Amino acid sequence: MSVVSSRVSSVSSLLKGPGMRSKLIGQSNRVNFKLPKNLKNILSNFENGCDRKIYEDLIRILRDSNIKDNELIELLTDMHQCIPQLGPVHGCLVGTLLNIEWIGRGEGAVLAYKGFLEDLVCAHVYHTKFVVDRLVNLFMPDDEATEWEDGNPREEDLRKLNHVHDALNKLLKIIPMSGGLLLQAVTSAYPYMKRGTHIHQRFLHALLQISEYAPHLRSDILSLIINRLIILDVNAPTSEIEDYEEEEMQEEDTGGGGVFNMEDIGSNDKAKPLKALRHPVAHTLDVCMEQVLSYIYGSCHVQGTLELESLKGLYHEILQIFEKIILPTHASHHVQFIMFYICSFKVVVAEAFLNWLWRKVSNPNVAPVIRQSAVSYIASLLARAAFMPLELLTAMLQEMSQWVHSYVSSQDSLECVNSDVRVHSVFYSVCQAMFYLIAFRHKDLVDTKKNLLILQSLNLTKIVTCRLNPLRVCQPAVIQNFAAVTRTYQLAYCYTVIERNSRSNLPVLQNSNRLSTWLDTFFPFDPYALRLSSHRIISVYIHYQGSVNVESATAGLKDETDEDDFMDESFPQSMDSYGHKDKFSYSTSPGFIHT
């Protein structure tokens, strides 16, 4: 073995030209690789404790040399004969071999390298973890490259990733239990939320590819992905996205700022590509959501035709993830639309999801905060999903009504009712869900005489006048619109109770913020604020169509062109400790008109 390095001559004539000088200096750092004659002896001598320097020189040259394809093939051929010797004692040498760049080489060198990896883990399971970790690290791009156009991988990136996946696939077949090591590796290597968008994009693409040849790992991989998307989501609140977009609109001098309108992307104007969101974390989330939603569609459809068995399997996997990660998470804004999107494929799936949520709500053994979250999902899904039949909406309203009346009856049988809101938090949440649905979908609910009779059968008057007084606790915007609708269609008369509540001087009402805290049920399917991925949601999404005029409820309906957000200043609002009105944030807005 020898190391040949060129040195810069001290002859002054050679240094006169600056180009020649820089060229020579650059050459001085290059190390040419020369294959040693007898690798077996070098490894054996190291194991016996003699002639360690040659072994160390070998590692140093492998680490620093610019190895050509033919030299790498020759090296790996000789290394194959030494594989039985490459036990734990040679961990440093193996690590150096694993760090050699190989996925960008010619086909012969790539095949030789993958063959070496297979033989290595077959002979020494000990090295499996190091091999898996190194392969997973290759999912990361070499630098902060530009994002893929239209989300489609570049041919060069796809070729390199396919080499890595081919090696991982063979590794999983050789050592089936290496799946656990693979999950550990991808969890540890997952990019931090503030890393560049392309890094997330490429890593997520690689994870989704794993699920194609290792379907037994799909559930764990999707769980990891959704867990990390939730982190992105809670760090990109809709209010911040709005602020960024408003600044952009002001800079472009478009005549005003405001909330990003999903209808802008519903047009077929392909000559005007969508701009990326300026909020860096939101843009990363947007790109990742598009990848995940695209994967979900592709997993359930074959050439555009829905495969029911595939949909059923994926739904159950996502449902488990929803229960563990999404449902308990407060203040997420977009990730929950994964379940919304799956439900849009088939009504029977949406119905199954609603029934699952209602079982959570009606189960007293479930934590109250989970029950409250579940009923919020029921209300928001029924209000916003265009694919939900009206029969499901009316059936759920009847189910809620029966539960509420049963709860009221159980409390009326008591001599005194506990006034602590926390004790009845689930009851108030169910009441609020009913009020919200009736106010939001009242046009559809009164469209036919049959549905109007169903509304009348709910006996809303008994609910709003019961001892628990839900109008005192529910969110003001919901109460306001519900009162207007019920007055217009003579379903209940809420204004007497509302006025009595506003005049009440009970100590529990002096801090209305404390009340609203226990009923801080959010509306998870409020308008989707991401740009690139929203085209998959907008076609199955209902925007608020207008409300009954609160100040003149019997006068009819407002103009349907109003915006999809609401807070009427005329309605009594709670005050915070600083004396400011307690306004809804975008994520907790019930989606009514903001007048």
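Residues numbered from 1 in each chain as written. Predicted model: local features only at pLDDT ≥ 70, side-chain atom pairs only at ≥ 80, totals over all residues. Heavy atoms only, no water.

Draft legend 1. The overall build of the chain, seen in detail. Across its full length, the chain carries 25 helices and two strands. Sequence-distant contacts in the chain: of pairs separated by 6 or more residues, those separated by 24 or more amount to 78%. Per element, the accessible surface of the chain, about 28100 Å² overall, is 50% carbon and sulfur. (Helix = DSSP H or I, 4+ residues; strand = E, 2+ residues; numbered from the N terminus. Contact = heavy atoms within 4.5 Å. Areas by Shrake-Rupley, 256 points an atom, 1.4 Å probe, with all protein chains shown as cover.)

Draft legend 2. Summary view of the side chain of Gln201. Mapped onto the fold, Gln201 is located in helix H10 (residues 197-213). From its side chain, Gln201 meets the backbone nitrogen of Trp148 in a polar contact 3.1 Å long. In contact with Gln201, other than residues within four places in its own chain, are Glu147, Trp148, Gly151, Val287 and Gln291. (Polar contact = N/O pair within 3.5 Å; in protein donor to acceptor, adjacent residues only side chain to side chain.)

Draft legend 3. View of the packing of helix H6 (residues 107-123) against helix H7 (residues 128-137). Where H6 meets H7, the closest approach of the two axes is 9 Å, and the angle between their N-to-C directions is 150 degrees. By the angle between their directions, the pair H6 and H7 is classed as roughly antiparallel. Judged by residue contacts, Leu117, Leu120 and Val121 of H6 engage Thr128, Val131 and Leu135 from H7. For the contact of H6 with H7, the class distribution of residues is five nonpolar, one polar and no charged. (Axes fitted to C-alpha atoms, helices over the stretch in contact; angles between N-to-C directions. Parallel < 35°, antiparallel > 145°, perpendicular 65-115°, else oblique. Nonpolar A, V, L, I, M, F, W, Y, C, P; charged D, E, K, R; others polar.)

Draft legend 4. Region of interest: the environment of Asn459. If you trace the backbone, Asn459 turns up in the loop between helix H21 (449-457) and helix H22 (460-464). C-alpha of Asn459 to C-alpha of Ser401: the two residues are 58 residues apart in sequence and 8.1 Å apart in space.

Draft legend 5. Local environment of helix H2 (residues 39-48). Looking only at H2, the buried set comprises Leu39, Ile42, Leu43 and Phe46. The buried side chains of H2 occupy one side of the element, clustering within an arc of 95 degrees when seen end-on. Those residues of H2 hidden inside the fold are in contact with helix H3 (52-64), helix H4 (69-82) and helix H5 (91-98). The residue sitting at the N-terminus of H2 and contributing the capping side-chain oxygen is Asn38; that oxygen lies 3.4 Å from the backbone nitrogen of Lys40. (Buried < 20%, exposed > 50% of the residue type's maximum accessible area, 1.4 Å probe, protein only. Arc of directions from axis to C-beta.)

Draft legend 6. Region of the structure containing unusual backbone geometry. A positive phi is found at Asp150, a non-glycine position, where the angle reads about 60 degrees. In this structure, Asp150 sits in the loop between H7 and helix H8 (155-174).

Draft legend 7. Molecular detail of H3. A rise of 1.5 Å per residue sets the reference length of H3, with its 13 residues, at 18 Å; its end C-alpha atoms lie 18 Å apart and thus fit the reference within 8%. Considered for burial, the residues of H3 that qualify are Tyr55, Asp57, Leu58, Ile59, Ile61 and Leu62. Those residues of H3 that are buried lie in contact with H2, H4 and H5. (Expected span 1.5 Å × (residues − 1).)

Draft legend 8. Representation of a negative patch on the surface in the model. A surface patch of negative charge is lined by Glu240, Asp243, Glu246 and Glu247. Here Asp243 shows up in helix H12 (residues 238-251). (Patch = residues over 30% accessible without salt bridge, like charges linked within 9 Å, V, L, I, M, F, W, Y side chains within 5 Å. Salt bridge = Lys/Arg side-chain N within 4 Å of Asp/Glu carboxyl O. Lys, Arg positive; Asp, Glu negative; His and termini not counted. Charge placed at Lys NZ, Arg CZ, Asp CG, Glu CD.)

Draft legend 9. Main features of the environment of His90. Within the fold, His90 resides in the loop between H4 and H5. The exposure class of His90 is buried, given its relative accessible area of 0%. Setting aside chain neighbours within four positions, we find His90 in contact with Leu43, Phe46, Glu47, Tyr55 and Gln85. Among the polar contacts listed, one links the side chain of His90 to the side chain of Glu47, at a separation of 2.7 Å.

Draft legend 10. Up close: the packing of aromatic side chains. Applying the stated criterion across every chain, the model contains 26 aromatic pairs. Aromatic pair Phe322 and Phe353: ring centres 5.2 Å apart, planes at 80 degrees, arrangement edge-to-face. Taken as a pair, Phe322 in helix H14 (residues 308-326) and Phe353 in helix H16 (residues 347-362) lie far apart in primary sequence, 31 residues in all. Of the residues examined, Phe353 reaches a relative accessible area of 0% and is grouped as buried. Residues Phe427 and Tyr428 carry aromatic rings whose centres are separated by 5.3 Å and whose planes lie at 65 degrees to one another, so their mutual orientation is edge-to-face. This pair shows no difference in class: Phe427 is buried, exactly as Tyr428 is. (Phe/Tyr/Trp six-rings, centres within 6.5 Å; stacked < 30°, edge-to-face > 60°.)

Draft legend 11. Representation of the pattern of salt bridges within the structure. If you walk through the whole model with that rule in mind, you get 19 salt bridges. Note that Arg60 is salt-bridged to Asp57, the shortest N-O span being 2.5 Å. With Arg60 and Asp57 both in helix H3, this residue pair falls three residues apart, about one helical turn. The salt bridge partner of Lys129 is Asp133, with a shortest N-O separation of 2.9 Å. Placement of the pair is Lys129 and Asp133 together in helix H7, with a separation of four residues, close to one helical turn. The class for Lys129 is partly exposed, based on a relative accessible area of 38%. Overlapping salt bridges bring together Lys114, Glu118, Asp166 and Lys170 as one network.

Draft legend 12. View of the side chain of Ser211. Its location among the elements puts Ser211 in helix H10. A polar contact is formed between the side chain of Ser211 and the side chain of Tyr295, at a distance of 2.8 Å. Residue contacts for Ser211: discarding those within four places in its chain leaves Arg218, Ile221 and Tyr295.

Draft legend 13. Geometry of the environment of Leu319. Summarising the element assignment, Leu319 is placed in helix H14. For Leu319, a relative accessible area of 10% translates into the label buried. Between the C-alpha atom of Leu319 and that of Met339, which follows or precedes it by 20 residues, the distance is 7.7 Å. In this view, Leu319 contacts Met339, Phe353 and Trp356; residues no more than four positions away in its chain are not counted.

Draft legend 14. Spatial organisation of the confidence of the model for the chain. Looking at the chain, pLDDT values average 83 and 78% of them are 70 or higher. Looking at the elements of the chain, mean pLDDT is at its lowest for helix H25 (residues 512-518), recorded as 45, and at its highest for helix H15 (residues 337-343), recorded as 98. Considering only residues more than four positions removed or in separate chains, one finds that residues 508-518, a stretch of pLDDT under 50, has 23 contacts. Across residues 566-588, confidence stays below pLDDT 50; counting only partners more than four residues off in sequence or on other chains, it has 64 contacts. (pLDDT = per-residue confidence, 0-100.)

Draft legend 15. Molecular detail of the packing of H8 against H10. Running from N to C, H8 and H10 point in directions that differ by 40 degrees, and their axes come no closer than 10 Å. By the angle between their directions, the pair H8 and H10 is classed as oblique. The two elements H8 and H10 cross, and the hand of that crossing is right-handed. Contacts between H8 and H10 involve Asp157, Leu158, Leu161, Asn162, His165, Leu168, Asn169 and Leu172 from the former and His198, Arg202, His205, Ala206, Gln209, Ile210 and Tyr213 from the latter. When grouped by side-chain class, the residues that make up the contact of H8 with H10 number seven nonpolar, six polar and two charged. (Left-handed = near helix turned anticlockwise from the far one by under 90°.)

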